[in-house]
Amino acid sequence: MRITVIGTGYLGATHAACMAELGFEVLGLDIDPLRVESLSEGLLPFHEPGLPELLRKHVKSGRLRFTTSYEEVGAWGDVHFIGVGTPQRAGEGAADMTFVDAATISLARNITKNALIVGKSTVPVGTTRRLKALVRDNKRPDVSVNLAWNPEFLREGFAVVDTLTPDRLVIGVESPEDELTLREVYARALGRDVPLIVTDFETAELVKVAANAFLATKISFINAFSEITEVIGGDIGTLADAIGLDARIGRRFLNAGIGFGGGCLPKDIRALQARAAELGLERSMRFLDEMDEINLRRRERAVDLSRVMLGSLSHSKIAILGVAFKPNSDDVRDSPALDIANSLFEEGAEVTVYDPAGNVNASKRSPQHHYVTSMEDAVKSADLILVLTEWDEFKALTPEGLAAQTETRKIIDGRNILQTRVWEDSGWSLAALGHRYPPEHATEEPLGEQLQLSSGPAA
Ligand code: UDX
């Protein structure tokens, strides 16, 4: 079986390399010739642990190739996976389907033997049925081209592991033959008892957006409680531990902090709301509006805390440790950390950024900041330090170690990775998201008054 993968971003490049690892011959397609050139040389244009090794291994073995030609792909492949992006449409919440539609039409026009197209991108419910009509109208009359949907749940930073050993496989198919084809593709995982859900197109599409909506809700749920503990006192981490011990709730994705970002969760919950509204079901997904707002308020809270700790942000020097949307990634798409850095800059702070992998991408989006290649360079002349991504390097910080690199004793923990008490006992002033600041006495004053906002926009 020959497999092609259309679109070689995070999803497509990972899928292509993993399919080669499973023993298939794979041809990846991208419309960007530079990307194709770089992948063909075994060079991955983004950070993903374990993937460069797989890419090089299979480019070298000849099992994995890349092209820009739909003609080549259409004549060669038996199963064509679509992994192109579905970004948020400019100025609205809905998903931009331009790339998925274009890929489907180009494939359909160029397929010269019976084949199966399998969508992996995250799409609005109803897409597969719509694409089926596009395929029918664009394919050659002498070939049969079927469609299936097989959502991808991989996490950045764990993309290879999640693809090779997923916790479940979901396929939306219309015929037993297509199910068999996909069972063959995923034979290795299925042999290891990975659960397989075989369902219709709509359910398959919804599984992905529902999972992301649930995860986003879980994070915003604990962050909503952060807003309470920040006013009245209490420990948000202990609260998460305690409710997380209820097996029905579970502890994962209850880490309070500056909230979720990245290329998926934020855009996917907005696209889901937009799709529900199109279906006349705006109210059903309205709670996601609230989740989005809670999430964005966390970023404001980090800026408010910075203002309070410094008196004024104007002419202050701020070190940002971590700018990727999460650790083990160089991705800064909708990164809460970068958003906070930008807000601080807008209020007059001079911002120095250090991230073990995200500097290059961040500097392309926000060139106004200073980017440095070591933590020491970031903090040495800072008035305030913000830890915004939980890289191991930052988790390992100690009050004494950091004090040796800088004069300041002011730090904000945006990810709840530092032991508040230990830092305070060592003479640091530490503010953590989800904790009272200043920590002393609990009051019932509302957030804004408690923070004694000194300047800049109101909370
Ligand atoms: C996510 C989904 O997990 C994945 O299944 C889907 O396919 C794509 O979207 P990813 O974007 O890689 O994957 O990030 P994820 O690990 O889910 O983290 C998302 C964001 O939530 C990050 O900004 C992270 O820092 C934040 N987060 C996560 C929290 O703020 N608290 C938590 O407890 C967990």
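This one's a predicted model, so the numbers in the text were calculated from it and none came from an experiment.

Which parts of the structure should I look at to understand the packing of helix H1 (residues 10-21) against helix H3 (residues 51-61)?
When two helices pack together, their arrangement is given by the angle between the helix axes and the distance between those axes. Where H1 contacts H3, the two axes come as close as 9 Å, and the packing angle between them is 55 degrees. As the angle between them shows, H1 and H3 are arranged oblique. Crossing of H1 against H3: the hand is left-handed. In this structure, H1 uses Ala 13, Thr 14, Ala 17, Cys 18, Ala 20 and Glu 21 to contact H3, whose residues at the interface are Leu 51, Leu 54, Leu 55, Lys 57 and His 58.

Is there a simple way to explain the side chain of Asn 359 in this structure?
Along the chain, Asn 359 falls in helix H15 (residues 359-365). Take Asn 359: its relative accessible area is 11%, and that puts it in the buried class. For Asn 359, the side chain forms a polar contact with the main-chain nitrogen of Asp 355, separated by 2.9 Å. Ignoring any residue separated from it by four or fewer positions in sequence, one finds Asn 359 in contact with Val 323, Val 353, Tyr 354, Tyr 371 and Val 372.

Can you walk me through the pairing of strand E14 (residues 429-432) in this structure?
Along a regular strand, successive side chains alternate from one face of the sheet to the other. Where strand E13 (residues 410-413) and E14 come together, four bridges link them in parallel fashion. If you follow Lys 410 over to E14, its bridge partner there is Ser 429. Viewed along the sheet, the connection from E13 through helix H19 (residues 420-425) into E14 turns out right-handed.

What is the right way to look at unusual backbone geometry in this model?
For residues that are not glycine, phi is negative in most cases, and the peptide bond is trans in most cases. Geometrically, the link from Tyr 437 to Pro 438 is a cis peptide bond, its omega value of -5 degrees lying close to zero. Along the chain, the position of Pro 438 falls in the loop between E14 and helix H20 (447-451). Look at Asp 193: it is not a glycine, yet its phi comes out positive at around 65 degrees. Tracing the backbone shows Asp 193 in the loop between helix H9 (187-191) and strand E8 (196-199). By relative accessible area, Asp 193 is classed as exposed at 67%. Of note, the phi angle at His 315 is positive, near 65 degrees, even though the residue is not glycine.

What am I meant to see in the site of the ligand here?
Near the ligand you find 20 residues, and of these Phe 153, Glu 156, Asn 255, Phe 325 and Lys 326 are the closest. Here Phe 153 contributes a backbone N or O atom positioned 2.9 Å from an oxygen atom of the ligand. Between the ligand and Gly 261, the relevant distance is 3.1 Å, taken from an oxygen atom to a main-chain nitrogen or oxygen of the residue. Here the ligand loses 92% of its free accessible area of 670 Å² to cover by the protein chains. With four residues, helix H10 (residues 201-232) is the largest single contributor of residues to the shell around the ligand. Residue composition of the shell around the ligand, by class: 10 nonpolar, four polar and six charged. Here the shell around the ligand spans two domains, since at least three of its residues come from each of domain 1 (2-197) and domain 2 (213-451).

Even after reading the chapter, I still don't get the domain arrangement of the protein, so can you show me in this structure?
For an interface, size is often stated in terms of accessible area lost upon the parts coming together. Per the domain assignment, the segments making up the protein are domain 1 (2-197) and domain 2 (213-451). The centre of domain 1, based on its C-alpha atoms, is set 34 Å off from the matching centre of domain 2. Across the boundary between the two partners, domain 1 contributes 17 residues, which contact 17 residues of domain 2. Here domain 1 packs against domain 2, burying approximately 1300 Å² in sum over the two surfaces, 50% of which is carbon and sulfur. It is His 47, Gln 88 and Glu 156 in domain 1 that bury the most area against domain 2; as a group they hold 38% of the surface buried on that side.

Explain the nonpolar core here, please?
When a protein is soluble and globular, its nonpolar side chains tend to lie buried together. The biggest cluster of nonpolar side chains holds 36 residues, and the ones touching the most others in it are Ile 3, Val 26, Leu 64, Phe 81, Leu 182 and Tyr 186. Here the element with the most residues in this core is H1; it accounts for seven residues. Excluding anything up to four places from it in sequence, Tyr 186 contacts His 15, Met 19, Phe 81, Lys 120, Asn 150 and Leu 169. Within the second largest apolar cluster, 29 residues are counted, among which are Ile 82, Leu 107, Ala 108 and Ala 115.

Honestly, helix H11 (residues 236-244) in this entry has me stumped. Any pointers?
Quick reminder: α-helices carry 3.6 residues per turn. Residues three or four places apart thus point the same way. Among the residues making up H11, those that are buried are Ile 236, Ala 240 and Gly 244. Projection of H11 onto a plane perpendicular to its axis shows the buried side chains occupying an angular sector of 65 degrees, all on one side. Contact partners of the buried residues in H11: H10. Near the N-terminus of H11, the side chain that reaches the backbone nitrogen of Gly 237, with its oxygen 3.1 Å away, is that of Asp 235.

Sorry if this is basic, but what is going on with the sheet that holds E13 here?
Note: strands within a sheet are paired through backbone hydrogen bonds, in either parallel or antiparallel orientation. Read from one edge to the other, the open sheet built from six strands follows the order E11-E10-E9-E12-E13-E14, with strand pairing classed as parallel. What marks the edges here is a single partner per strand, and that holds for strand E11 (370-371) and E14. Along the sheet, helix H13 (residues 287-310) contacts strand E9 (317-321), strand E12 (384-387), E13 and E14; its crossing angle with E13, the most-contacted strand, is approximately 165 degrees.

Reading guide: rules and limits
Residues numbered from 1 in each chain as written. Predicted model: local features only at pLDDT ≥ 70, side-chain atom pairs only at ≥ 80, totals over all residues. Heavy atoms only, no water. Axes fitted to C-alpha atoms, helices over the stretch in contact; angles between N-to-C directions. Helix = DSSP H or I, 4+ residues; strand = E, 2+ residues; numbered from the N terminus. Parallel < 35°, antiparallel > 145°, perpendicular 65-115°, else oblique. Left-handed = near helix turned anticlockwise from the far one by under 90°. Contact = heavy atoms within 4.5 Å. Buried < 20%, exposed > 50% of the residue type's maximum accessible area, 1.4 Å probe, protein only. Polar contact = N/O pair within 3.5 Å; in protein donor to acceptor, adjacent residues only side chain to side chain. Pairing = 2+ DSSP bridges. Right-handed = clockwise from strand over helix to strand, strands pointing away. Near = heavy atom within 4 Å. Areas by Shrake-Rupley, 256 points an atom, 1.4 Å probe, with all protein chains shown as cover. Nonpolar A, V, L, I, M, F, W, Y, C, P; charged D, E, K, R; others polar. Domains from an automatic or database assignment. Buried area = accessible area lost by both parts, 1.4 Å probe. Core = buried A, V, L, I, M, F, W, Y, C linked by side-chain atoms within 4.5 Å. Arc of directions from axis to C-beta.

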